[in-house]
Each structure stands twice: as structure tokens, then as C-alpha cells.
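Here is what each chain is made of, one letter per residue.
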Amino acid sequence: MIREPEVVHHRLAFTPPFDSAAFAGFLRAHAVQGVDALAGRTYSRNLRTAHGPTPLEIDLPEPDGGEVVVRLGGDPAGHPEALERVRRFLDLDQDPAEVRAALGDDPLVGPLVRARPGLRVPGAFDPFETAVFAILGQQVSLAAARTLDARFHAALSPEGVRFPEPRAVSALDPGELAGILRVPGMRARAIVGAAEVFAGTCGDAGAGDEGTDGAGERSAPLRAQLLAVPGIGPWTVDYLLFRCTADADAYVPGDLVLRKALAARTGEESTVSARTAQALAEPWRPHRARALMHLWTAAAYDAR
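Calculation notes
- Starting afresh in each chain, residues are numbered from 1 along the sequence in its written order.
- It should be noted that, the model being predicted, local features are given only for residues of pLDDT at least 70 and side-chain atom pairs only at 80 or more, the latter also being counted only at that level, while totals for whole chains, interfaces and linings use all residues.
- Processing note: side-chain calculations cover all non-hydrogen atoms of the structure and skip hydrogens and water entirely.
- The helix and strand labels rest on DSSP assignments: H or I over at least four residues marks a helix, E over at least two residues marks a strand, and numbering proceeds from the N terminus.
- Here's how the labels work: a residue is buried when its accessible area is under 20% of the maximum for its type, exposed when over 50%, partly exposed in between, all with a 1.4 Å probe on protein chains only.
- Pairs of residues are marked as contacts when any of their non-hydrogen atoms sit within 4.5 Å.
- We get accessible surface area from the Shrake-Rupley algorithm with a probe of 1.4 Å; when it comes to residues, only the shown protein chains can shield them.
- Each pair of aromatic rings taken from Phe, Tyr and Trp, with Trp reduced to its six-membered ring, is defined by centres within 6.5 Å and is described as stacked if the planes are under 30 degrees apart, edge-to-face if over 60, and tilted in the remaining cases.
- Lining residues are those with an atom within 4 Å of a point, where the points come from a 1 Å grid over the protein atoms alone and group into cavities, where a 1.4 Å probe fits but cannot get out, or pockets, open sets with protein on both sides within 12 Å along at least five of seven lines.
- Grid points are joined across faces, edges and corners, and a volume is the space filled by probe spheres set on the points.
- Gly falls in the polar group here, along with every residue not listed as nonpolar (Ala, Val, Leu, Ile, Met, Phe, Trp, Tyr, Cys, Pro) or charged (Asp, Glu, Lys, Arg).
- The pairing criterion for strands is at least two bridges between them, as found by DSSP.
- Lines fitted to the C-alpha atoms define the axes, with helices restricted to the stretch that makes contact. Angles between their N-to-C directions range from 0 to 180 degrees.
- We call two N or O atoms a polar contact when they sit within 3.5 Å, provided that within protein one can donate a hydrogen and the other can accept it, with sequence-adjacent residues counted only if both atoms are side-chain atoms.
- Residues belong to a common nonpolar core when they are buried Ala, Val, Leu, Ile, Met, Phe, Trp, Tyr or Cys residues joined through side-chain atoms within 4.5 Å.

Let's talk about the overall build of the chain
Okay, step 1: Helices and strands together make up the secondary structure of the chain, namely 15 helices and five strands.
Okay, step 2: Here the chain holds 304 residues, and 52% of them are scored as buried.
Okay, step 3: Partitioning the contacts of the chain with sequence separation of at least 6, the portion at a separation of at least 24 is 67%.
Okay, step 4: Accessible area for the chain stands at about 13200 Å²; split by element, carbon and sulfur atoms hold 53% of it.

Next comes the structure, spelled out in C-alpha cells:
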């Protein structure tokens, strides 16, 4: 909790509805000990802003409330930046009516959109943090990824204030990092390589500073640089861009949960290929991120 004398309350408006139950389900599945936490409907973490560490608490809203309560600590000069990032994290600029008009009659995702008109696409506060989580999550369960990420944070951020900065991680020896995390050397080298990309070409903000319009085009250089790092594949980069670019058309065709969900909805026996997942999503443009989130939620995060 933020100490009361330091806290400043803010309210952010949005167009209802907001599906807090689904959003909380996603947060609960991805929360990492020492990095962020969800207690009831209150999400908390620390942000790194241009004005220093900023403790943050968000009360997920009532479905038809129209406002989100945000509590911030630290230097008030960093609050405008933090609030803008909260808007992206909660997908508050989404127009649910527009999404329903675009996808509500689709034979695959239409029933999901109509059932959950307030579903939002969770963003990310720190692109490098998200990249590390995705790399550690390659070929392991979500629970295992959370354990590894907590180990990473505990070893490299002993002050417990924020996730390690890319510049610090880029200077690490991959062999030593592999020993600390108890992961294969290739995975540790991929993390150090990703840190070099973010530290050298994207600074500490990277993809998280992208706006919605043209986000896909502006993220192309980052995508190419990350794919050039040994040990980082298309799923990792697609997931990172889905979470960090505020691009409503971002998509992760190689995701196994998505491919199984599509198989179930198209009558396939087990799963569909990434190529098929890509083709099936063409009618959803420019809202593929919304459609993907509906499929993920129905398959993995539905709390109802």
C-alpha cells in the first residue's frame, strides 16, 4: 500500500462498460511476486517515470461506472506520465460500441464480443519487463514463467522498487545469468540480447511510447532487431508488440492457446497452424487485438 501522506487520488474517465472480472483474471494469471500484485480488485506496482519511482494502485472499476480510481505516490511531477500509461494499460480509450459494430456479427468471435462487450486489451507498463517475461515463458507454463520472472527480479532488483533497467541487464554475463535463473544458456543470452536492443536503440521506454495510429509501422524496426537476437522467435516479439504498442490490430498467430481456441470454434480436432490462425483473423482487421483477447479470455481467463 502507498503511505497515505504521500498518496494523490486521480480519476480517469472511460466509455463503459469495462469488464473488470476478465481484466482481473488476466492480471492474476500474470502477476509476478515482487513486481506487481492484485488484491481483490486493486492492482499495485511501482513505475519508473522521468521523475523517479512512482508507487501505483488502481481500483478496477464497476462495469458501468465510467471512472477508474488511481492512487499515485512519488514525485507529483511524474503523475501525468504515469496516468497516460495507466490509460494504455487499461485500454481506456477503446470504444466498445465500435468494437461490437466491427466484430459482433463475426461467426467466430461475434458471440464472445456480444457476451463480453466491456472486454479490454491489457497493456504493459514496461516493454523490457514484458520482453523478459515472454522470453522466460518460451516453452514453459505460465506459472513457471512467473516463478522465473520473480527470481530475475529478486536477483537483479534487490531494492524492490522497479524492474531492472535494460542497460544494467545488457552488461551481464549470460553464463552467470543462466546460473542465477537456472535456465538454459540460450535463454539467458536472449535476455541479454533483448536488453542490448532496448538499451541501444529504444532507450528505457521503447515500444511503450507508441501511440495507436500507425503503431504497427513504427514498431517494425524493433521487431526486426529483436528477431535478429538468437533465441527470440516470432511468438515472443508478437506478444511483446501486442502488449506494448497500443495497436488495436496487433496479433499473435503462433500462440498455442489462440490456435487451440480457434480449433474448437472451427471444429478442428486439436489445434490449427499459425498460418491458419493468421488467415482466420483477416476479417477482424483492424481489431485483431480485440478478437484475440476475446479468444484468450474464453479459453484461459474467464472468471465467470
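Once the structure has been displayed, the description carries forward.
Focus: the packing of aromatic side chains
Okay, step 1: By the definition in use, this model includes 12 aromatic pairs.
Okay, step 2: Judged by centre distance (6.3 Å) and plane angle (75 degrees), the ring pair of Tyr251 and Trp284 falls under edge-to-face. Of this pair, Tyr251 sits in the loop between helix H12 (234–244) and helix H13 (256–266) while Trp284 sits in the loop between helix H14 (274–280) and helix H15 (288–301), and the two are 33 residues apart along the sequence. Trp284 shares its class with Tyr251; the two are buried.

As for empty space enclosed by the protein
Okay, step 1: Enumeration over the complete set of coordinates arrives at three cavities of 30 Å³ or more.
Okay, step 2: Volume-wise, the largest cavity comes out at about 240 Å³.
Okay, step 3: If you go around the largest cavity, you meet 19 residues; those closest to its centre are His30, Asp36, Glu129, Thr130 and Arg243.
Okay, step 4: Secondary structure elements with two or more residues in the lining of the largest cavity: helix H1 (20–30), strand S3 (42–49), helix H5 (127–136) and H12.
Okay, step 5: Residue composition of the lining of the largest cavity, by class: 11 nonpolar, two polar and six charged.

What to know about unusual backbone geometry
Okay, step 1: The omega torsion of the bond from Pro16 to Pro17 falls at 5 degrees, within 30 degrees of zero and hence cis.
Okay, step 2: Within the fold, Pro17 resides in the loop between strand S1 (8–13) and H1.
Okay, step 3: Cis geometry marks the peptide bond from Arg285 to Pro286, where omega comes out at 0 degrees.
Okay, step 4: With respect to the helices and strands, Pro286 occurs in the loop between H14 and H15.
Okay, step 5: Positioned with a positive phi, Gln139 is a non-glycine residue whose angle comes to about 65 degrees.
Okay, step 6: Tracing the sequence through the fold places Gln139 in the loop between H5 and helix H6 (142–156).

Some points on the sheet that holds strand S2 (residues 36–39)
Okay, step 1: In spatial order, the strands read S1-S5-S4-S3-S2; together these five strands make up an open sheet with antiparallel pairing. The two strands at the open ends of the sheet, each matched to only one other strand, are S1 and S2. Going from strand to strand, the sheet's axes swing by 25 degrees on average, the running direction of each strand aside.

Considerations on the pairing of S2
Okay, step 1: Residues Asp36 and Leu38 point to one face of S2 and are all buried, whereas Ala37 and Ala39, pointing to the other face, are not buried.
Okay, step 2: Where S2 and S3 come together, four bridges link them in antiparallel fashion. What sits directly across from Ala37, in S3, is Ser44.

Let's talk about the side chain of Thr49
Okay, step 1: Structurally, Thr49 is set in strand S3.
Okay, step 2: A polar atom in the side chain of Thr49 sits 2.9 Å from the backbone oxygen of Gly52.
Okay, step 3: Look past the residues within four positions of Thr49 in its chain and what remains in contact with it is Thr54, Gly78, Glu81, Ala82 and Arg85.

Here we look at the nonpolar core
Okay, step 1: Grouped together as the largest cluster of nonpolar side chains are 35 residues, with contacts concentrated most on Leu136, Phe152, Ile191, Leu226 and Ile232.
Okay, step 2: Listed by contribution, the elements that provide at least two residues to this core are H5, H6, helix H8 (174–181), helix H9 (185–202), helix H11 (220–227) and H12.
Okay, step 3: Top contributing element to this core by residue count: H9, with eight residues.
Okay, step 4: If sequence neighbours within four positions are ignored, Leu136 has contacts with Ala145, Leu148, Asp149, Phe152, Leu181, Val183, Arg187 and Ile191.
Okay, step 5: Ranked by size, the runner-up nonpolar core spans 32 residues in total, among them Leu108, Val121, Val272 and Leu292.

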